[in-house]
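Listed here are the chains, written in short residue letters.
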Amino acid sequence: MKFSRLTLAVTAVLGASLSSAAFAIDLYVDSTTQQIFAEPGPNRVKLGSFEKVDDAAKEKADIKSIQQDLELKTNELKALEEHVVAAREEKAKNDEKWFNKISMRGYTQMRYNQPLSGDRTASDPELKSVGDSSIKDNSSFSLRRVRLVFSGDINDYVSLYLQPDFASAVDSSKQHFVQLRDAYADLAFDKKHEYRIRAGQSKVPFGWENLQSSQNRLALDRNDALNSAVPSERDLGLFAYWSPEHVQKLWKDLSKKGLKTSGDYGVLGFGVYNGQGVNREEQNDDLYMVAHSTYPIDLGFMSGALHGQVLEVGADAIAGKFNPSTGEYTNFNTNLKATPTFADKRGVREERVGVHAILFPQPFGLQAEWNWGKGPTLNADTNVIERKALRGGYVQAMYKVDNVFGTKGTMIPYVKWQTYRGAWKGATNAPYVSVDEVEAGVEYQIMKALELTLAYSTMDRTNTSNLGQASGDLIRTQLQWNY
């Protein structure tokens, strides 16, 4: 049995009282002889109870000291209780402050591209890629992305997300400028966040790979065909999403398995946005509209052997008017200089429809997307930007291997084929491009904080600055660290 200090102190006080009573003595006086006796008898009158003076004084002093110590300890306990209560109240107040609910994370991607063959110089006419500006002549190491993400729930209904990039370029000679990528708030109508509106600059929900974070994407760059619809994937506007709770759970379960989802952009979505691209002023009075749908299906209903295998399918559509930026260029094929004009200065209408299907790699996976439509395109024969047809997409196969080399690391070999015929509206003059590319590589997730990707690519691309067709083979590497 354990006793508190308070119990022991009280016991000590009682014990002292009993002790002092035990040492008292009764004295009697003989009424005839006046003698003193310690026990009663004939003619003896009791004088009273007597204690030894020095022992009684000491015991009383001890009792008083114990009482004072007990009072002191009681005050200390009371002060401690008051301190604990005050600390809890202060913590509760701090927890309500929005800045204490914000988390910070990020990642950095460093690349090295080594050309093996093909058109390397401007006279060739130089192989370049809209997905990676370091694919060019005279290039070595580069920082593709340096991102910081600030996000959190301000309360049960309002969340914020802010992401700058520290590796943006003004032009080829000015690198590593800070640029705003995302700045939005999610306004939920319920605590489960099944229904919500996203306001601000964020990704436009067109294309499954477009929505997938570059931190998670397997291939080094997004496909040109669907990315050309929303260069940089983002714009300023309002988007409404619906995500049922059971679908949110399925996406979270896939992420816990180390599978690469596109994030939660709802099973259904609709939005309106400026349409001129990320960090660009609006150039007309027309708003783009986007409709988005996707749904993950657990294939376990087909067979017990397929339990846990997930197939996600969906379709997207966008429509709006776009005003490409224009400038003088030299046509590589004719060696003539020209400055394009618009068929309609109020903007050229763009309409697209895209479809996607993803079988998450457990261990084998497939990923495919395709889109069709019409949009603003440079006619190099007339130097007029007009509405022309576009089409293209990609197919990607991958295989996930866990616990490689006896560690917790994961290795995912992949091969990706893509093709596109249509405008790259994000470039000056919205040039028509022809793209065919095959990339085979492997991503090695050494640990949660470190990933390495090695790939071989063979490309045939239109140079968007001079319209020349260039091709080549190269080895591509990327080191990514997450924090």
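Residues numbered from 1 in each chain as written. Predicted model: local features only at pLDDT ≥ 70, side-chain atom pairs only at ≥ 80, totals over all residues. Heavy atoms only, no water.

Structural notes on the pattern of salt bridges
Now for step 1: Per the counting criterion, the structure on display carries 28 salt bridges.
Now for step 2: With a shortest N-O distance of 3.9 Å, Asp-26 and Lys-46 are connected by a salt bridge. Taken together, the residues span a long stretch of sequence, with Asp-26 in strand S1 (residues 25-30) and Lys-46 in strand S3 (residues 44-50) at a distance of 20 residues.
Now for step 3: A relative accessible area of 29% places Asp-26 in the partly exposed class.
Now for step 4: Here Lys-249 ties to Asp-253 by a salt bridge, and the two come within 2.9 Å at their closest N and O atoms. Taken together, the positions of Lys-249 and Asp-253, both in helix H5 (residues 245-256) and four residues apart, correspond to about one turn of that helix.
Now for step 5: We classify Asp-253 as partly exposed; its relative accessible area is 27%.
Now for step 6: In the salt-bridge network here, residues are joined through shared partners; they are Arg-111, Asp-132, Asp-221, Glu-439 and Arg-476. (Salt bridge = Lys/Arg side-chain N within 4 Å of Asp/Glu carboxyl O. Helix = DSSP H or I, 4+ residues; strand = E, 2+ residues; numbered from the N terminus. Buried < 20%, exposed > 50% of the residue type's maximum accessible area, 1.4 Å probe, protein only.)

So, the nonpolar core
Now for step 1: Counting residues in each nonpolar core, the largest one holds 21 residues, and the members touching the most others are Val-204, Phe-206, Phe-239, Tyr-273, Val-290, Ile-318 and Tyr-420.
Now for step 2: Elements with a minimum of two residues in this core: helix H4 (224-227), strand S9 (234-242), strand S11 (288-298), strand S12 (310-322) and strand S21 (432-447).
Now for step 3: Those residues within four positions of Phe-239 in sequence are excluded, and the remaining contacts are Arg-196, Ile-197, Arg-198, Ser-202, Lys-203, Val-204, Pro-205, Phe-270, Gly-271, Val-272, Tyr-273 and Val-290.
Now for step 4: The next biggest cluster of nonpolar side chains, apart from the first, holds 10 residues, and it includes Trp-251, Leu-254, Val-267 and Phe-360. (Core = buried A, V, L, I, M, F, W, Y, C linked by side-chain atoms within 4.5 Å. Contact = heavy atoms within 4.5 Å.)

Quick word on the side chain of Ser-134
Now for step 1: Residue position: Ser-134 is located in the loop between strand S4 (103-118) and strand S5 (141-153).
Now for step 2: Residue Ser-134 is classed as buried on the basis of its relative accessible area, which comes to 5%.
Now for step 3: Within the structure, the side chain of Ser-134 is placed 2.9 Å from the side chain of Asn-113, a separation counted as a polar contact.
Now for step 4: Within the structure, Ser-134 has its side chain in polar contact with the side chain of Asp-132 (distance 2.6 Å).
Now for step 5: In this structure, Ser-134 is in contact with Asn-113, Ser-139 and Ser-142, ignoring residues within four places of it in sequence. (Polar contact = N/O pair within 3.5 Å; in protein donor to acceptor, adjacent residues only side chain to side chain.)

Notes on the pairing of strand S8 (residues 195-203)
Now for step 1: Note that strand S7 (residues 177-188) and S8 share six bridges and pair antiparallel. Bridge pairing in S8 links Ala-185 to Ala-199.
Now for step 2: Where S7 hands over to S8, the hairpin turn is made up of six residues, of which His-193 adopts a positive phi near 60°.
Now for step 3: Bridge count for S8 against S9 is nine bridges, and the pairing is antiparallel. Counted as the bridge partner of Arg-198 is Phe-239 from S9. (Pairing = 2+ DSSP bridges.)

Brief notes about unusual backbone geometry
Now for step 1: With an omega of 0°, the peptide bond running from Gln-362 to Pro-363 counts as cis.
Now for step 2: Turning to its location among the elements, Pro-363 is positioned in the loop between strand S16 (348-359) and strand S17 (364-379).
Now for step 3: Residue Ser-232 is not a glycine yet carries a positive backbone phi of 70°.
Now for step 4: Along the chain, the position of Ser-232 falls in the loop between H4 and S9.
Now for step 5: A positive phi angle is found at Asn-279, which is not glycine, with a value near 60°.
Now for step 6: One can find Asn-279 in the loop between strand S10 (268-273) and S11.
Now for step 7: For Asn-279, a relative accessible area of 38% gives the class partly exposed.

Some words on the pairing of strand S23 (residues 469-482)
Now for step 1: Covered by surrounding structure in S23 are Ala-470, Gly-472, Leu-474, Arg-476, Gln-478, Gln-480 and Asn-482 only, the residues Gln-469, Ser-471, Asp-473, Ile-475, Thr-477, Leu-479 and Trp-481 on the alternate face being uncovered.
Now for step 2: Bridge count between S4 and S23: 11 bridges; the pairing is antiparallel. Of the residues in S23, the one forming a bridge with Gly-118 is Gly-472.
Now for step 3: Pairing between strand S22 (residues 450-462) and S23: 13 bridges, direction antiparallel. From the neighbouring strand, Tyr-456 faces S23, where its bridge partner is Ile-475.
Now for step 4: In textbook terms, the turn of a hairpin is the stretch between consecutive antiparallel strands, and for S22 and S23 this stretch comprises six residues, one of which, Leu-467, has a positive phi near 70°.

Focus: the sheet that holds S1
Now for step 1: Judged by pairing direction, the sheet is antiparallel, and its three strands sit side by side in the order S2-S1-S3 without closing on themselves. Two strands lie at the open edges of the sheet, namely strand S2 (36-37) and S3, each paired on one side alone.
Now for step 2: Note that S1 and S2 share two bridges and pair antiparallel. Residue pairing in the sheet places Val-29 in a bridge with Ile-36 of S2.

Quick look at a nonpolar patch on the surface
Now for step 1: A grouping of Phe-364, Leu-366, Val-395, Tyr-399, Val-401, Val-415, Trp-417 and Val-438 is seen on the molecular surface, where their side chains present a nonpolar patch of about 640 Å² in accessible area.
Now for step 2: By the secondary structure assignment, Trp-417 is in strand S20 (residues 410-423).
Now for step 3: Owing to a relative accessible area of 37%, Trp-417 belongs among the partly exposed residues under this scheme. (Patch = residues over 30% accessible without salt bridge, like charges linked within 9 Å, V, L, I, M, F, W, Y side chains within 5 Å. Areas by Shrake-Rupley, 256 points an atom, 1.4 Å probe, with all protein chains shown as cover.)

What to know about the packing of aromatic side chains
Now for step 1: Following the criterion strictly, the structure yields eight aromatic pairs and no others.
Now for step 2: Here the aromatic rings of Tyr-273 and Tyr-288 are separated by 5.3 Å at their centres, their planes lie at 35°, and the arrangement is tilted. In this pair, Tyr-273 is assigned in strand S10 and Tyr-288 in strand S11, connecting sequence segments 15 residues apart.
Now for step 3: Owing to a relative accessible area of 2%, Tyr-273 belongs among the buried residues under this scheme. (Phe/Tyr/Trp six-rings, centres within 6.5 Å; stacked < 30°, edge-to-face > 60°.)

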